[in-house]
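Secondary and tertiary structure notes
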Amino acid sequence: MVEQQQRTGPEEAREAREARRRRAGIAALLGGLVATLAFFAFCPGLPHVIDWGAILTAVAAGLLARWACRSRMAGSAGGRRGGG
């Protein structure tokens with residue numbers, strides 16, 4: 001209990017931002033993964049087969065979405081501080 005009372009305000013805010021960035025990154029990864037798999041599964045004209053190529057493409061799209069989300073969140077945090 002004493003350790004919790006000794007934590008400073010800016011430290012708690014930083015930890016909250018990191019937790020929010022982590023949750024947003026996970027959500028973006030899963031969203032990109034599911035959206036890409038849904039595209040390969042339901043898009044007309046495609047063979048409607050989820051193979052290893054589709055899975056690897058979905059993972060790559062999820063990682064790209066996670067990177068974009070985290071970089072946007074870092075950029076918006078820098079803008080609030082007067083950074084860049």
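Residues numbered from 1 in each chain as written. Predicted model: local features only at pLDDT ≥ 70, side-chain atom pairs only at ≥ 80, totals over all residues. Heavy atoms only, no water.

This part takes up the overall build of the protein. A count of helical and extended segments in the protein gives three helices and zero strands. Across the protein, helices and strands are ordered from the amino to the carboxyl terminus as α-α-α. A total of 84 residues make up the protein; the buried ones form 11% of that total. Surface summary for the protein: the accessible area is close to 6400 Å², and the carbon and sulfur share equals 64%. (Helix = DSSP H or I, 4+ residues; strand = E, 2+ residues; numbered from the N terminus. Buried < 20%, exposed > 50% of the residue type's maximum accessible area, 1.4 Å probe, protein only. Areas by Shrake-Rupley, 256 points an atom, 1.4 Å probe, with all protein chains shown as cover.)

Right, let's talk about the side chain of Thr36 for a bit. Looking at where Thr36 falls in the secondary structure, it is placed in helix α2 (residues 9-42). By relative accessible area, which is 14% here, Thr36 ends up buried.

Let's shift gears to the confidence of the model for the protein. Overall, the predicted model of the protein reaches an average pLDDT of 82, with 81% of residues at or above 70. Across the protein, the secondary-structure element scoring lowest on mean pLDDT is helix α1 (residues 2-6), at 56, and the one scoring highest is α2, at 89. (pLDDT = per-residue confidence, 0-100.)

Here the focus is a positive patch on the surface. A cluster of basic residues, Arg14, Arg17, Arg20, Arg22 and Arg23, forms a positive patch at the surface. Residue placement: Arg14 occurs in helix α2. (Patch = residues over 30% accessible without salt bridge, like charges linked within 9 Å, V, L, I, M, F, W, Y side chains within 5 Å. Salt bridge = Lys/Arg side-chain N within 4 Å of Asp/Glu carboxyl O. Lys, Arg positive; Asp, Glu negative; His and termini not counted. Charge placed at Lys NZ, Arg CZ, Asp CG, Glu CD.)

Applying the stated rule across the entire model yields one aromatic pair. With a centroid separation of 5.6 Å and 65° between ring planes, the pair formed by Phe39 and Phe40 is classed as edge-to-face. (Phe/Tyr/Trp six-rings, centres within 6.5 Å; stacked < 30°, edge-to-face > 60°.)

The next thing to look at is a nonpolar patch on the surface. A surface patch of nonpolar side chains, about 490 Å² in accessible area, is lined by Ile50, Trp52, Ile55, Val59 and Leu63. With respect to the secondary-structure elements, Val59 resides in helix α3 (residues 52-80). On the basis of relative accessible area, Val59 is assigned to the partly exposed category, the value being 36%.

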